[in-house]
Amino acid sequence: MSIAPPDLPVGKNRGAIDATTDAEASGYAESKTMRVKKRLTSRTATVASLIIALLWTIPTFGLFISSFRPAELIRTTGWWTIFTNPGFTLENYQNVLLSTSASSPQLGSYIVNSIAIALLATIIPLVFASMAAYAFAWMRFRGVGVLFVIIFALQIIPLQMALVPLLQIFSTVLRPMQAWLHDMIPIIPEQNYLPLWVAHSIFGLPLAIFLLHNFISEIPADVIEAARVDGATHGQIFFRIVLPLSVPAIASFAIFQFIWVWNDLLVALIFSGGTQDVAPLTQRLAELTGTRGQDWQLLTAAAFISIIIPLIVFFSLQRYFVRGLLAGSTKG
């Protein structure tokens, strides 16, 4: 006749002990989450963040008010005197968006150019960077560490040093190639977007690879090993496991890259050629400033219009952005 050891649960007592263990684990997880939240947030940091956000928003609010004010009031009074010197008009936005006059900004084509440039200049580096980050994180080959350090070091090189060599390469290779492709396949756009896409992709790739590598390398190794045991190839692991898990990190970098490209002026001035069929919105805004900034009412309206699309992109991807920033914050 066998007797169970006194320290082992028997019968109904085993379920009670398991429930107690689960409750203790759940309580430990909750207390750990509370400690992390308390460590990351405090009343002082919240108040400081609100003050910084308020100060950061004041210029944008002033820009918004000035975009609705007549030209005469803008020249003679400040936007903060709106209550003592009231005056609103929609003429500024009409001149910026709807006017057919040759002297009006006519921003429609420039907005389309900026969207075409920013979308492809965001998608292209993300595609190559995600694949490269997976290779550096989970594929072992000779020189992987040295190659990753070299790519990381490329972030230190100022982009101004590469502008002239890239311009020479684009002028002798890319532009004739694009014209030839357009003649062969008319559906390919004739606009000279290709140098802008390549330039922005080159400048964004090192940071994209570095950030995505840090995220992808934190994926549990058990998940990757289980997929390999099941016979999955690197392509299947990347597309079915790594890519869905990396959506927060990809969305976070997509926001930054889109905003950087959208607000860029230097690369656009050098590689777009300055023609209206390729020039982005930032180039037109710089032209509106003029030598004396005499069309201030049009500049404020056009500048506020240029803010709308990046805001839409940010708020659309905000939940992924926050998840990407907090990924790994509760580990350890």
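Residues numbered from 1 in each chain as written. Predicted model: local features only at pLDDT ≥ 70, side-chain atom pairs only at ≥ 80, totals over all residues. Heavy atoms only, no water.

Caption draft 1: Fine view of the overall build of the chain. Secondary structure assignment for the chain yields 15 helices and zero strands. Per-residue burial for the chain yields a buried fraction of 34% across its 332 residues. Sequence separation of at least 24 residues holds for 70% of the intrachain contacts in the chain that already meet a minimum separation of 6. Only carbon and sulfur atoms are counted for the fraction: they give 68% of the accessible area of the chain, which is about 20,700 Å². (Helix = DSSP H or I, 4+ residues; strand = E, 2+ residues; numbered from the N terminus. Buried < 20%, exposed > 50% of the residue type's maximum accessible area, 1.4 Å probe, protein only. Contact = heavy atoms within 4.5 Å. Areas by Shrake-Rupley, 256 points an atom, 1.4 Å probe, with all protein chains shown as cover.)

Caption draft 2: Focus on the packing of aromatic side chains. One pass over the full model with this rule turns up 17 aromatic pairs. Ring centres of Phe-238 and Phe-239 lie 5.0 Å apart, and the angle between their planes is 80°; this geometry places the pair in the edge-to-face category. Residue classification places Phe-238 among the buried residues on the basis of a relative accessible area of 6%. Using a relative accessible area of 54% as the deciding quantity, one classes Phe-239 as exposed. Site record: aromatic cluster; members linked through ring pairs are Phe-136, Phe-141, Phe-148, Phe-152 and Phe-210. (Phe/Tyr/Trp six-rings, centres within 6.5 Å; stacked < 30°, edge-to-face > 60°.)

Caption draft 3: A look at a nonpolar patch on the surface. A grouping of Ile-115, Leu-119, Leu-120, Ile-123, Val-127, Phe-128 and Met-131 is seen on the molecular surface, where their side chains present a nonpolar patch of about 580 Å² in accessible area. Residue placement: Phe-128 occurs in helix H5 (residues 108-138). (Patch = residues over 30% accessible without salt bridge, like charges linked within 9 Å, V, L, I, M, F, W, Y side chains within 5 Å. Salt bridge = Lys/Arg side-chain N within 4 Å of Asp/Glu carboxyl O.)

Caption draft 4: Seen up close, the packing of helix H9 (residues 221-229) against helix H10 (residues 234-245). Close contact between H9 and H10 brings their axes to 10 Å; oriented N to C, the two are set at 135°. One element, H9, and the other, H10, form an angle in the oblique class. Considering the relative orientation of H9 and H10, their crossing is right-handed. Here Val-223, Ile-224, Ala-227 and Arg-228 of H9 lie close against H10, whose contacting residues are His-234, Ile-237, Ile-241 and Val-242. (Axes fitted to C-alpha atoms, helices over the stretch in contact; angles between N-to-C directions. Parallel < 35°, antiparallel > 145°, perpendicular 65-115°, else oblique. Left-handed = near helix turned anticlockwise from the far one by under 90°.)

Caption draft 5: Molecular detail of the pattern of salt bridges. In the structure shown here, the tally under the stated rule is one salt bridge. For Glu-225, the salt bridge is made with Arg-228, and the minimal N-O distance between the two is 3.3 Å. Within this pair, Glu-225 and its partner Arg-228 are both found in helix H9, separated by three residues, close to a single helical turn. Owing to a relative accessible area of 39%, Glu-225 belongs among the partly exposed residues under this scheme.

Caption draft 6: Broad picture of H10. A rise of 1.5 Å per residue sets the reference length of H10, with its 12 residues, at 16 Å; its end C-alpha atoms lie 15 Å apart and thus fit the reference within 8%. For H10, every residue scored as buried is listed here: Ile-237, Phe-238, Ile-241 and Val-242. Each buried residue of H10 sits inside an arc of 130° when the element is viewed along its axis, so together they form one side. Across from the buried face of H10, at angles greater than 90 degrees, the exposed residues are Phe-239 and Arg-240. Buried residues belonging to H10 abut H5, helix H8 (194-216) and H9. (Expected span 1.5 Å × (residues − 1). Arc of directions from axis to C-beta.)

Caption draft 7: Quick peek at the packing of H8 against helix H11 (residues 247-263). Orientation of H8 relative to H11, taken along the N-to-C sense of each, is 160°, at an axis distance of 10 Å. Judged by the inter-axis angle, H8 sits roughly antiparallel to H11. Where H8 crosses over H11, the handedness of that crossing is right-handed. Contacts between H8 and H11 pair His-200, Gly-204, Leu-207, Ala-208, Leu-211, Leu-212 and Phe-215 from the former with Ala-249, Ile-250, Phe-253, Gln-257, Trp-260 and Val-261 from the latter.

Caption draft 8: How the structure looks around the nonpolar core. Of all hydrophobic cores here, the largest spans 36 residues; its most connected members are Val-96, Phe-271 and Leu-281. Only helix H4 (91-97), H5, helix H7 (160-184), H8, H11, helix H12 (266-271), helix H13 (281-289) and helix H14 (296-316) provide two or more residues apiece to this core. Examining the composition of this core, we find that eight residues originate from one element, H14, more than from any other. Judged by nonpolar contacts, the second largest core, of 26 residues, contains Trp-138, Ala-208, Ile-250 and Ala-254. (Core = buried A, V, L, I, M, F, W, Y, C linked by side-chain atoms within 4.5 Å.)

Caption draft 9: Examining the environment of Gln-106 more closely. Position of Gln-106 among the secondary structure elements: in the loop between H4 and H5. Through-space distance from the C-alpha of Gln-106 to that of Ala-302 is 9.7 Å; in sequence the pair is 196 residues apart.

Caption draft 10: Region of the structure containing the side chain of Thr-89. With respect to the element layout, Thr-89 can be found in the loop between helix H3 (71-76) and H4. Residue classification places Thr-89 among the buried positions, given a relative accessible area of 19%. A polar contact of 3.1 Å, which involves the side chain of Thr-89, links it to the backbone nitrogen of Glu-91. With residues near it in sequence (within four places) discarded, Thr-89 still touches Ser-67, Phe-68, Arg-69 and Pro-70. (Polar contact = N/O pair within 3.5 Å; in protein donor to acceptor, adjacent residues only side chain to side chain.)

Caption draft 11: Structural view of the environment of Pro-70. Along the chain, Pro-70 turns up in the loop between helix H2 (43-66) and H3. Distance from Pro-70 to Phe-88, taken between C-alpha atoms, is 6.6 Å for residues 18 residues apart in sequence. In this structure Pro-70 touches Gly-87, Phe-88 and Thr-89, once residues within four positions along its chain are discounted.

Caption draft 12: Quick peek at the confidence of the model for the chain. Across the chain, the average pLDDT comes to 79, with 78% of residues at 70 or higher. Averaged pLDDT values over the elements of the chain bottom out at 54 in helix H1 (residues 12-40) and peak at 91 in H5. Note that residues 16-21 has pLDDT below 50 and, in this model, one contact with residues that lie over four places away or in other chains. Low pLDDT, under 50, characterises residues 328-332; the stretch is placed with six contacts to residues that sit more than four places away or in other chains. (pLDDT = per-residue confidence, 0-100.)

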